[in-house]
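# Residue-level structural notes
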Amino acid sequence: DLTKGPWLFEMVHRSTNTIVSKGSIIVPDTDTAPTGSISAVMDVSESEVKLMLGTISPSTELSYCYVEVLGPDMTVHTMYLNDTSSMIMLLIDDTQVKMVDADGNGLMNSGDYIDLRKWTGALAEGQWSVEIKYVFTGDIIAYAYFPI
């Protein structure tokens, strides 16, 4: 078995010893979910709310996580994440849920956020729930329950 956690690699040109490429991967612990928090729920306007992520430990790749959103209409929507720039989902009422990887590193970490935005009108009033879950176990990594 590979050692769990981050692995760094470099590809070096043999004759010049120049680094051609480098990167990292994380070998996940498929039995234990990371822990974390949503550190703030920020009302940007009547049509937008940002949920700021706090520390996630250990670091985990976005593709190992998914987001469940439950709005006032009581319908659960699930968005599986990836490491591309377009992690967007539309809810039944046309509310856009967007996961933003703020530093573009493909990891879920502090500074990243989830944006709830309604492009036409205000967000639906009532109780909202946003949970970030671990793909391998279904356990909650971070969550926020809040009224609008």
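Cut-offs applied
Residues numbered from 1 in each chain as written. Predicted model: local features only at pLDDT ≥ 70, side-chain atom pairs only at ≥ 80, totals over all residues. Heavy atoms only, no water. Core = buried A, V, L, I, M, F, W, Y, C linked by side-chain atoms within 4.5 Å. Buried < 20%, exposed > 50% of the residue type's maximum accessible area, 1.4 Å probe, protein only. Helix = DSSP H or I, 4+ residues; strand = E, 2+ residues; numbered from the N terminus. Contact = heavy atoms within 4.5 Å. Pairing = 2+ DSSP bridges. Axes fitted to C-alpha atoms, helices over the stretch in contact; angles between N-to-C directions. Salt bridge = Lys/Arg side-chain N within 4 Å of Asp/Glu carboxyl O. Phe/Tyr/Trp six-rings, centres within 6.5 Å; stacked < 30°, edge-to-face > 60°. Lys, Arg positive; Asp, Glu negative; His and termini not counted. Polar contact = N/O pair within 3.5 Å; in protein donor to acceptor, adjacent residues only side chain to side chain.

Attention now moves to the nonpolar core. Generally speaking, nonpolar side chains in soluble globular proteins are found buried as a group. Ranked by internal contacts, the top residues of the largest apolar core, which has 30 residues, are Leu51, Leu81, Met99, Met108 and Ile132. Among the secondary structure elements, those contributing two or more residues to this core are strand S4 (48-53), strand S6 (65-70), strand S9 (95-100), strand S11 (113-118), strand S12 (127-134) and strand S13 (140-147). Here leucine 81 is in contact with Leu62, Ser63, Cys65, Tyr66, Val67, Met87, Met99 and Met108, once residues within four sequence places are set aside.

What follows covers the sheet that holds strand S3 (residues 38-45). Sheet strands pair by backbone hydrogen bonding; their relative direction is either parallel or antiparallel. Spatially, the five strands line up as an open sheet ordered S3-S4-S11-S9-S8, and their pairing is antiparallel. Of all strands in the sheet, those bounded by a partner on one side alone are S3 and strand S8 (88-90). This sheet shows a mean twist of 15° between the axes of neighbouring strands, independent of strand direction.

The subject of this paragraph is the pattern of salt bridges. Overall, the coordinates contain four salt bridges when judged by the stated rule. Linking lysine 133 and glutamate 68 is a salt bridge whose minimum nitrogen-to-oxygen distance equals 3.0 Å. Here glutamate 68 lies in strand S6 and lysine 133 lies in strand S12, a separation of 65 residues in the sequence. Glutamate 68 matches lysine 133 in its accessibility class, with the two residues each being buried. Its salt-bridge partner being arginine 117, residue aspartate 115 comes within 3.5 Å of it at the nearest N-O pair. Exposure remark for arginine 117: the relative accessible area of 22% places this residue in the partly exposed category. Each of the salt bridges in this network shares a partner with another, and the network as a whole consists of Glu48, Asp115 and Arg117.

The next subject is the environment of isoleucine 114. Tracing the chain through its elements places isoleucine 114 in strand S11. The exposure class assigned to isoleucine 114 is buried, which follows from its relative accessible area of 0%. For the pair isoleucine 114 and tyrosine 145, spaced 31 residues apart in the sequence, the C-alpha separation amounts to 13 Å. Here isoleucine 114 is in contact with Val49, Lys50, Leu51, Val67, Val97, Lys98, Met99, Val130 and Ile132, once residues within four sequence places are set aside.

Attention now goes to the sheet that holds S6. Spatial ordering of the open sheet is given by S7-S6-S12-S13, a layout of four strands whose pairing is antiparallel. A strand with exactly one partner marks an edge of an open sheet, and here the two such strands are strand S7 (76-80) and S13. Averaged over neighbouring strand pairs, the angle between their axes works out to 15° when direction is ignored. Where S6 and S7 come together, five bridges link them in antiparallel fashion. Directly across from glutamate 68, in S7, lies its bridge partner threonine 78.

The next subject is the packing of aromatic side chains. Per the counting criterion, the structure on display carries four aromatic pairs. Pairwise contacts between aromatic rings join Tyr64, Tyr134 and Phe136 into one cluster.

By secondary structure assignment, the location of lysine 118 is in strand S11. Within the buried core, lysine 118 has no salt-bridge partner, and the shortest N-O distance to an opposite charge, that of aspartate 93, equals 4.1 Å. Here the side chain of lysine 118 touches aspartate 93 through a polar contact of 3.0 Å, landing on its backbone oxygen. Filtering out sequence-adjacent residues up to four positions away, lysine 118 remains in contact with Ser47, Asp93, Asp94, Thr95 and Leu123.

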